[in-house]
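A closer look at the structure
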Amino acid sequence: VQLQASGGGLVQAGGSPRLSCAASGRTLSSYVMGWFRQAPGKEREFVAAISRGAGSRAYADSVKGRFTISRDNAKNTIYLQMNSLKPGDTAVYYCAAAPRPFGVVVITPGDYDYWGQGTQVTVSS
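To keep things clear, this report deals only with the structure shown in the data block. (Residues numbered from 1 in each chain as written. Predicted model: local features only at pLDDT ≥ 70, side-chain atom pairs only at ≥ 80, totals over all residues. Heavy atoms only, no water.)

Our next topic: the overall build of the protein chain. The secondary structure content of the protein chain amounts to 0 helices and 11 strands. Compactness check: the protein chain gives a C-alpha radius of gyration of 13 Å against a globular reference of 14 Å for 125 residues, within 12% of the reference. Along the first, second and third principal axes, the C-alpha set of the protein chain runs to 40 × 25 × 25 Å. Buried positions account for 44% of the 125 residues belonging to the protein chain. Long-range pairs, those at least 24 residues apart, make up 60% of the contacts in the protein chain with a sequence separation of at least 6. (Helix = DSSP H or I, 4+ residues; strand = E, 2+ residues; numbered from the N terminus. Rg over C-alpha atoms; globule rule 2.2 N^0.38 Å. Buried < 20%, exposed > 50% of the residue type's maximum accessible area, 1.4 Å probe, protein only. Contact = heavy atoms within 4.5 Å.)

Written out as structure tokens, the structure is:
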């Protein structure tokens, strides 16, 4: 499956952009989907994940209550709605896919087999 992330850019603190990740090659409904981010000089970190049927979600503590992950399997696309952005959210954001059974979410980068190219989100204060 090929993943293409979009929606990043320069955003003011407090802004609410939405990232999208479109898939091609395979149907997204076959995969647990996740968002990760990597800031300069830091390791890639988990942001959010959603199970195949969207019945289960997981969030990093740093984004809980501010970010929402969702998916539209009919459009083969997942989303990350980001609210109340902070300068500390500045990073390259990656979407990823993991083949897993229904009802499962996974949160470590090593669990994911397919990665998008990343989209830069820069939050100005």
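With phi around 70°, Ala54 is a residue other than glycine that occupies positive phi space. With respect to the helices and strands, Ala54 occurs in the loop between strand 5 (45–50) and strand 6 (57–59). Phi is positive for Ser84, close to 50°, though the residue is something other than glycine. Structurally, the position occupied by Ser84 is in the loop between strand 8 (77–82) and strand 9 (91–99).

To continue, consider the environment of Val106. In this fold, Val106 is placed in the loop between strand 9 and strand 10 (114–115). Between the C-alpha atoms of Val106 and Ile50, which are 56 residues apart in sequence, the distance is 8.4 Å.

The subject of this paragraph is the sheet that holds strand 7 (residues 67–72). In spatial order, the strands read 1-3-8-7; together these 4 strands make up an open sheet with antiparallel pairing. Each end of this open sheet is capped by a strand with a single partner; those strands are strand 1 (2–6) and strand 7. Across the sheet, the mean angle separating the axes of adjacent strands is 15° when strand polarity is ignored. (Pairing = 2+ DSSP bridges. Axes fitted to C-alpha atoms, helices over the stretch in contact; angles between N-to-C directions.)

Taken as a class, soluble globular proteins show a tendency for nonpolar side chains to be buried jointly. Formed by 38 residues in total, the largest nonpolar core has its most connected members in Leu3, Trp35, Leu80 and Tyr93. For this core, the elements supplying multiple residues, two or more each, are strand 1, strand 3 (18–24), strand 4 (31–38), strand 5, strand 7, strand 8, strand 9 and strand 11 (119–124). If one sorts the elements of this core by residue count, strand 9 sits on top with 6 residues. With residues near it in sequence (within four places) discarded, Tyr93 still touches Ala5, Leu19, Trp35, Phe36, Arg37, Val47, Phe67, Leu80, Met82, Gly118, Thr119 and Val121. (Core = buried A, V, L, I, M, F, W, Y, C linked by side-chain atoms within 4.5 Å.)

Another aspect to go through is the pairing of strand 9. The buried fraction of strand 9 is high, at 7 of 9 residues. Relative to strand 9, strand 4 runs antiparallel, the two being bridged by 8 bridges. Along strand 9, the bridge assignment pairs Phe36 with Tyr94. Looking at chain direction, strand 9 and strand 10 are connected through 2 bridges and run antiparallel. Considered in strand 10, the bridge of Ala97 is made with Tyr114.

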